[in-house]
Amino acid sequence: MWEDSGVTTTVENTFSEPRPSALLLLGQKRDLESERGVECSGALPSPSDPDLIERAKKARASLGDRAFILGHHYQRDEVIDFADVTGDSFKLAREAAARPEAEYIIFCGVHFMAESADILTSDAQKVILPDLAAGCSMADMAAIAQVEDSWDDIVDAGIADKTIPVTYMNSTAAIKAFTGRHGGTVCTSSNAEVALRWAFDQVGGVDGDGKILFLPDQHLGRNTDVEKLGLSLDDCVVYDPRKENGGLTQEEFDNARMILWRGHCSVHGRFSVKNVEDIRAKVPGVNVIAHPECKNEVIAASDYVGSTEYIIKTLEAAEPGSAWAIGTELNLVRRLARQHPDKNVHFLDDTVCFCSTMNRIDLPHLVWAMESLVEGREINQIIVDKDDAHWARVALDQMLALPGL
């Protein structure tokens, strides 16, 4: 269930590191599956440089108010230590927009997040991504050409006039622009229910026969559809861009209420029902809390479900001595375990799994970016195409107009 059940229990306070795996020690070496083919144009400091922290402090002090550093919750601690603000992708984009005096926004996150910050900040500000190879596997699962082809299929199926696109914040600026051009909105994991209800209202309501094209994370769309809107799994179909007509028949297009893009988060998609069963057997009375990017069967087996910010707030409010198994990125779970020594915090998976692209932002990259700016070299600036920026802003503004934000 997605609501607070109030269950607490007193157990021993320990945090066990998940098993290391050569396959899953992500962010450490070159990952050909997610590499964008972009290298830093400069010599990075050595991670073992004993003066690295002092160099970071010196560069940060030299930049002063000219720079504002944003750190996503999934970043390494060494990066978070230098962040002016931490948060999820949407919170950080809004924080960037609220700092018009900062000449540089150094975004310690991934590419789509820096794009959103560029869209929401002024032309006078420059958004810097310390490593251009820090992409997002989920966002990269929806290329704009593929999405435009999917809309052609929707038009050919005769359902375009009753279909509204909704894209998750975890998408490229081009996909957000597509959504804006077609009258849709952006959503976050926190407001997906509100956004989907708004979208359905544009085409006859949740109880009508209108449809939503949901991009790019099928699990968030499906979970919100079933757990929040009261629709069924049968109301959902998955559009596979690698197949003709997305692999869907005319009947499936006609009967669907949610046309889900075939995309997922490589971290949250790993969690399984077996993980839930194993942790319940290991820690009796444990509270399982999962991110809504997890598979539907994991959501159904969990006690609490919510965004990154929700997970953080739930742990803050939890009773001392209570036990928690958290289904989200390991850097955040480790940090929560350290911040709440009075609670027994576990990682839901028993194997190490970082976000490989998020982990590309490390202290050497941050130091390199800051020292470059101090020296007058503006590196790795993220600039969104002006037309895409306009229409993406239309979709983002529609989200900002929704209740609850």
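Anything mentioned here points back to the structure above.
Residues numbered from 1 in each chain as written. Predicted model: local features only at pLDDT ≥ 70, side-chain atom pairs only at ≥ 80, totals over all residues. Heavy atoms only, no water.

**Focus: helix α7 (residues 192-201)**
Stage number 1. Those residues of α7 not exposed but buried are A192, A195, L196, W198, A199 and F200.
Stage number 2. Close packing links the buried residues of α7 with β5 (163-168), β6 (185-187), β7 (211-215), α8 (218-228), β9 (258-261) and α15 (386-400). (Buried < 20%, exposed > 50% of the residue type's maximum accessible area, 1.4 Å probe, protein only. Helix = DSSP H or I, 4+ residues; strand = E, 2+ residues; numbered from the N terminus. Contact = heavy atoms within 4.5 Å.)

**A closer look at the pattern of salt bridges**
Stage number 1. Enumeration over the complete set of coordinates arrives at 20 salt bridges.
Stage number 2. D388 is paired through a salt bridge with R181; the nearest N and O atoms lie 3.1 Å apart. In this pair, D388 is assigned in helix α15 and R181 in helix α6 (residues 173-181), connecting sequence segments 207 residues apart.
Stage number 3. Judged by its relative accessible area of 18%, D388 falls in the buried class.
Stage number 4. We classify R181 as partly exposed; its relative accessible area is 35%.
Stage number 5. Between R377 and E375 there is a salt bridge, and its shortest N-O distance comes to 2.9 Å.
Stage number 6. For E375, a relative accessible area of 56% translates into the label exposed.
Stage number 7. The network of salt bridges with shared partners includes D49, R55 and E371. (Salt bridge = Lys/Arg side-chain N within 4 Å of Asp/Glu carboxyl O.)

**So, the nonpolar core**
Stage number 1. Counting 111 residues, the largest nonpolar core has I106, F214 and I326 as the members making the most contacts within it.
Stage number 2. At seven residues, the largest contribution of residues to this core is made by helix α14 (residues 363-374).
Stage number 3. When sequence neighbours within four positions are dropped, the list of residues in contact with I326 reads I289, I311, L315, V333, L336, V345, H346, F347 and L348.
Stage number 4. With 17 residues, the next largest nonpolar core counts V237, Y239, F253 and W261 among its residues. (Core = buried A, V, L, I, M, F, W, Y, C linked by side-chain atoms within 4.5 Å.)

**Things to note about unusual backbone geometry**
Stage number 1. The amide bond that connects L215 to the next residue, P216, takes the cis arrangement and shows omega of -20°.
Stage number 2. Mapped onto the elements of the fold, P216 is located in the loop between β7 and α8.
Stage number 3. The backbone phi angle of N380 is positive, close to 55°, even though this residue is not glycine.
Stage number 4. Within the secondary structure, N380 sits in the loop between α14 and α15.

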